[in-house]
Amino acid sequence: MIREIDLKEISDGRLYTLNDMVKADCQDCTGCWDCCQGMGESITLDPMDVYRLCLGTGQPMTELLKDKLELHVVDGMVLPNLKLAGKKEACAFLNSQGRCSIHSYRPGICRLFPLGRIYEDGGVKYFLQVHECSRKERTKVKVKKWIDVPESRKYEQFVVDWHYFLLDLQEKMARRQEEAFQREVNMLVLNRFYLAPYDLSGDFYEKFYGRLKEAGRELLGK
């Protein structure tokens, strides 16, 4: 997602890497689920998020779209997000006690919070959003431990590659300004990376990069 932000206004003024310590640990968020409601369509999902959700729930993307996920437009791209509904706009995956029922395979944005990402020089760094989390007594934790994904370097590279792939598509659509082409791009991205089932028994990255190579050749000519 393209955002124009002033880091001085929303962060502690520092940029972090995976091995840095950051004051983000909320001690398991006991009794709190503020960040799981009222977030609108902001919890956008990448292909790995959907892969993990399908693996964890045992449901295909088509089933999750019935009541747990929805589609919305992000910078010209049609992408899935967690569905927040009801008076409190609560995440559909919260249980009756207000706890996350998918915590072990929750999406990347949920894992990151209250951190954010900034992309620069073909890589990514992290910043602490100082106004977002209602918990004030947070403790320090290493960034890669907080994000809590296996093979954190490989995951970080995936996040970067997906970001710049979408950015290239957005730039190409902006240049062409053709409704038919934009529809073709969005349908290919949705079908190739989200709706077409992955083999859940193998390595996600190998399958993802195979699809990325095909899509890059078809849509970007590279």
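Refer to the structure presented above.
Residues numbered from 1 in each chain as written. Predicted model: local features only at pLDDT ≥ 70, side-chain atom pairs only at ≥ 80, totals over all residues. Heavy atoms only, no water.

Draft legend 1. Representation of the overall build of the chain in the model. When helices and strands are tallied, the chain shows eight helices and eight strands. Scaling as 2.2 N^0.38, a compact globule of 222 residues should have a C-alpha radius of gyration of about 17 Å, and the chain matches this with 18 Å. Along the first, second and third principal axes, the C-alpha atoms of the chain reach 50 × 40 × 35 Å. For the chain, with 222 residues in total, the buried portion stands at 41%. In the structure as shown, the chain presents an accessible area of about 12100 Å², 50% of it carried by carbon and sulfur atoms. (Helix = DSSP H or I, 4+ residues; strand = E, 2+ residues; numbered from the N terminus. Rg over C-alpha atoms; globule rule 2.2 N^0.38 Å. Buried < 20%, exposed > 50% of the residue type's maximum accessible area, 1.4 Å probe, protein only. Areas by Shrake-Rupley, 256 points an atom, 1.4 Å probe, with all protein chains shown as cover.)

Draft legend 2. Region of the structure containing the side chain of Arg111. Locating Arg111 in the fold gives a position in helix H4 (residues 108–112). Residue class for Arg111 comes out buried when judged on its relative accessible area of 2%. One polar contact links the side chain of Arg111 to the main-chain carbonyl oxygen of Arg106, over a distance of 3.0 Å. Apart from residues no more than four positions distant in its own chain, Arg111 is found in contact with Arg52, His103, Ser104, Tyr105, Arg106, Trp146, Ile147, Asp148 and Val149. (Polar contact = N/O pair within 3.5 Å; in protein donor to acceptor, adjacent residues only side chain to side chain. Contact = heavy atoms within 4.5 Å.)

Draft legend 3. Representation of the nonpolar core in the model. In terms of nonpolar packing, the biggest core is built from 59 residues, with Phe158, Trp162, Phe165, Val189, Phe193 and Tyr194 touching the most fellow members. The element that contributes the greatest number of residues to this core is helix H6 (residues 152–176), accounting for nine residues. Not counting the four nearest positions on each side in its chain, Trp162 is found in contact with Asp46, Pro47, Val189, Phe193, Tyr194 and Phe208. (Core = buried A, V, L, I, M, F, W, Y, C linked by side-chain atoms within 4.5 Å.)

Draft legend 4. Here's a closer look at the packing of aromatic side chains. By the definition in use, this model includes 17 aromatic pairs. Aromatic side chains Trp162 and Phe193 sit 5.0 Å apart centroid to centroid with 65° between the ring planes, which places their arrangement in the edge-to-face category. With Trp162 in helix H6 and Phe193 in helix H7 (residues 179–195), this residue pair connects regions lying 31 residues apart in the sequence. Each member of the pair, Trp162 as well as Phe193, carries the same accessibility label: buried. One aromatic cluster in this structure is built from Tyr51, Tyr155, Phe158, Trp162, Phe165, Phe193, Tyr194, Tyr198, Phe204, Tyr205, Phe208 and Tyr209. Against the face of Phe181 rests Arg176, its NZ or CZ located 3.9 Å from the ring centre. Sitting over the ring of Tyr198, Arg211 keeps its end group 3.7 Å from the ring centre. (Phe/Tyr/Trp six-rings, centres within 6.5 Å; stacked < 30°, edge-to-face > 60°. Lys NZ or Arg CZ within 6 Å of the ring centre and 35° of its normal.)

Draft legend 5. Representation of H7 in the model. Along H7, the residues that are buried comprise Phe181, Val185, Asn186, Leu188, Val189, Leu190, Arg192, Phe193 and Tyr194. The secondary structure elements touched by the buried residues of H7 are helix H2 (47–57), helix H3 (61–67), strand S2 (69–74), strand S3 (77–82), H6 and helix H8 (204–220).

Draft legend 6. Geometry of the pattern of salt bridges. Taken as a whole and assessed by the stated rule, the structure comprises nine salt bridges. For Asp67, the salt bridge is made with Lys68, and the minimal N-O distance between the two is 3.3 Å. A relative accessible area of 41% places Asp67 in the partly exposed class. The partner of Lys154 in a salt bridge is Glu151, with the nearest N and O atoms 3.3 Å apart. By sharing partners, the salt bridges in this structure join Arg192, Glu214 and Glu218 into a single network. (Salt bridge = Lys/Arg side-chain N within 4 Å of Asp/Glu carboxyl O.)

Draft legend 7. Highlighting the packing of H6 against H8. Closest axis-to-axis distance for the H6/H8 pair is 12 Å, and the angle between their directions is 15°. Judged by the inter-axis angle, H6 sits roughly parallel to H8. With respect to the hand of their crossing, H6 and H8 are arranged in left-handed fashion. Contact residues: H6 offers Lys154, Tyr155, Gln157, Phe158, Asp161, Trp162, Phe165, Asp168, Leu169 and Lys172, while H8 offers Phe204, Tyr205, Phe208, Tyr209, Leu212, Ala215, Gly216, Leu219 and Leu220. (Axes fitted to C-alpha atoms, helices over the stretch in contact; angles between N-to-C directions. Parallel < 35°, antiparallel > 145°, perpendicular 65-115°, else oblique. Left-handed = near helix turned anticlockwise from the far one by under 90°.)

Draft legend 8. Layout of unusual backbone geometry. Residue Pro114 follows Phe113 across a cis peptide bond; omega there is 10°. Inspection of the secondary structure assignment puts Pro114 in the loop between H4 and strand S6 (115–120). Its identity as a non-glycine residue notwithstanding, Asp148 has a phi of 60°, on the positive side. Note that Asp148 resides in the loop between helix H5 (143–147) and H6. Judged by its relative accessible area of 44%, Asp148 is partly exposed.

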